[in-house]
Amino acid sequence: AYLYRGLIDPAIVELKSALALDKNNADANYNLGRCYLEKGVVAEAANYYLKTLLQQPEHIPANFDLGDIYYTKNELSKALAYYSVVYRLDRNYSDVVKKIALINYAQKNTDDAIRFLKEALELSPYDYYLRDLLAGLYKEKGLLDVAISEYQKAIDVLETAFLGLV
């Protein structure tokens, strides 16, 4: 209850008490990870997320949050491993599809980047940035007609947003 009110220190005490009663409480481990991440103690947060995954390997929020930790540290291969678990379990999780697309783009995996950018845009069609990246990749591949079409869609998105229609 404390965590949802933003009272991090009392939440940590409460969650550690829950773990004292049941060390295999995946929710308590995950929420302790959230608390420590909120406090900026990233290593401790990651430790509790990993404990969560030992109990529930397919725990979507713990996998996603670990992916975010590694993404922020620019450890893209590790981030991709955790995001891939989430993607396997929920292909409509738009944030994870976007992160996988951006990792593939950063790692110059052009074909995978294009595939995931297209998927991300199906889930978030008004994302100008992703559309611009996709157009740029098509341009690099020499697919100028497709690139121009994507750039036009990006312009349309910006115009729509500018006019307040989105």
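Residues numbered from 1 in each chain as written. Predicted model: local features only at pLDDT ≥ 70, side-chain atom pairs only at ≥ 80, totals over all residues. Heavy atoms only, no water.

**Q** Honestly, the overall build of the chain in this entry has me stumped. Any pointers?
**A** For the chain, the count of helices and strands is nine helices and zero strands. Counting from the amino terminus, helix and strand elements in the chain follow one another as α-α-α-α-α-α-α-α-α. For 166 residues, the compact-globule estimate of 2.2 N^0.38 gives 15 Å, and the chain exceeds it by more than 25% at 19 Å. With respect to the principal axes defined by its C-alpha atoms, the chain has extents near 60 × 35 × 25 Å. Taken over 166 residues, the chain has a buried fraction of 39%. Accessible surface, the chain as shown: approximately 9,500 Å² in total, 53% of it carbon and sulfur. The averaged location of the 23 negative side-chain charges in the chain is 4 Å from the averaged location of its 19 positive side-chain charges. (Helix = DSSP H or I, 4+ residues; strand = E, 2+ residues; numbered from the N terminus. Rg over C-alpha atoms; globule rule 2.2 N^0.38 Å. Buried < 20%, exposed > 50% of the residue type's maximum accessible area, 1.4 Å probe, protein only. Areas by Shrake-Rupley, 256 points an atom, 1.4 Å probe, with all protein chains shown as cover. Lys, Arg positive; Asp, Glu negative; His and termini not counted. Charge placed at Lys NZ, Arg CZ, Asp CG, Glu CD.)

**Q** I tried to follow unusual backbone geometry on my own but got confused; where do I start?
**A** Keep in mind that most residues, glycine aside, have a negative phi and that most peptide bonds are trans. The phi dihedral of N74 is positive, around 60 degrees, even though this residue is not glycine. Positive phi, normally seen in glycine, also occurs at K108, with a value near 60 degrees. Locating K108 in the fold gives a position in the loop between α6 (94-106) and α7 (110-123). Classification of K108 by relative accessible area gives exposed; the value is 69%.

**Q** Just checking my understanding: could you explain the environment of R5 for this structure?
**A** Summarising the element assignment, R5 is placed in the segment before α1 (8-21). Since its relative accessible area comes to 57%, R5 is described here as exposed. Note: C-alpha distance between R5 and L143 (138 residues apart in sequence) is 51 Å.

**Q** I tried to follow the confidence of the model for the chain on my own but got confused; where do I start?
**A** If pLDDT is low for a region, its predicted coordinates should not be looked at in detail. Of all residues in the chain, 98% have pLDDT values of 70 or greater, and the mean over the chain is 93. Per-residue pLDDT, averaged within each element of the chain, yields its smallest value for helix α9 (residues 144-162) (91) and its largest for helix α5 (residues 76-89) (98). (pLDDT = per-residue confidence, 0-100.)

**Q** Teacher, can you tell me more about a nonpolar patch on the surface here?
**A** On the surface, a nonpolar cluster with roughly 290 Å² of combined accessible area is contributed by Y128, Y129 and L158. With respect to the helices, strands and loops of the structure, Y129 is situated in helix α8 (residues 128-140). (Patch = residues over 30% accessible without salt bridge, like charges linked within 9 Å, V, L, I, M, F, W, Y side chains within 5 Å. Salt bridge = Lys/Arg side-chain N within 4 Å of Asp/Glu carboxyl O.)

**Q** Would you explain the environment of L163 in this entry?
**A** Note that L163 resides in the segment after α9. The class for L163 is exposed, based on a relative accessible area of 61%.

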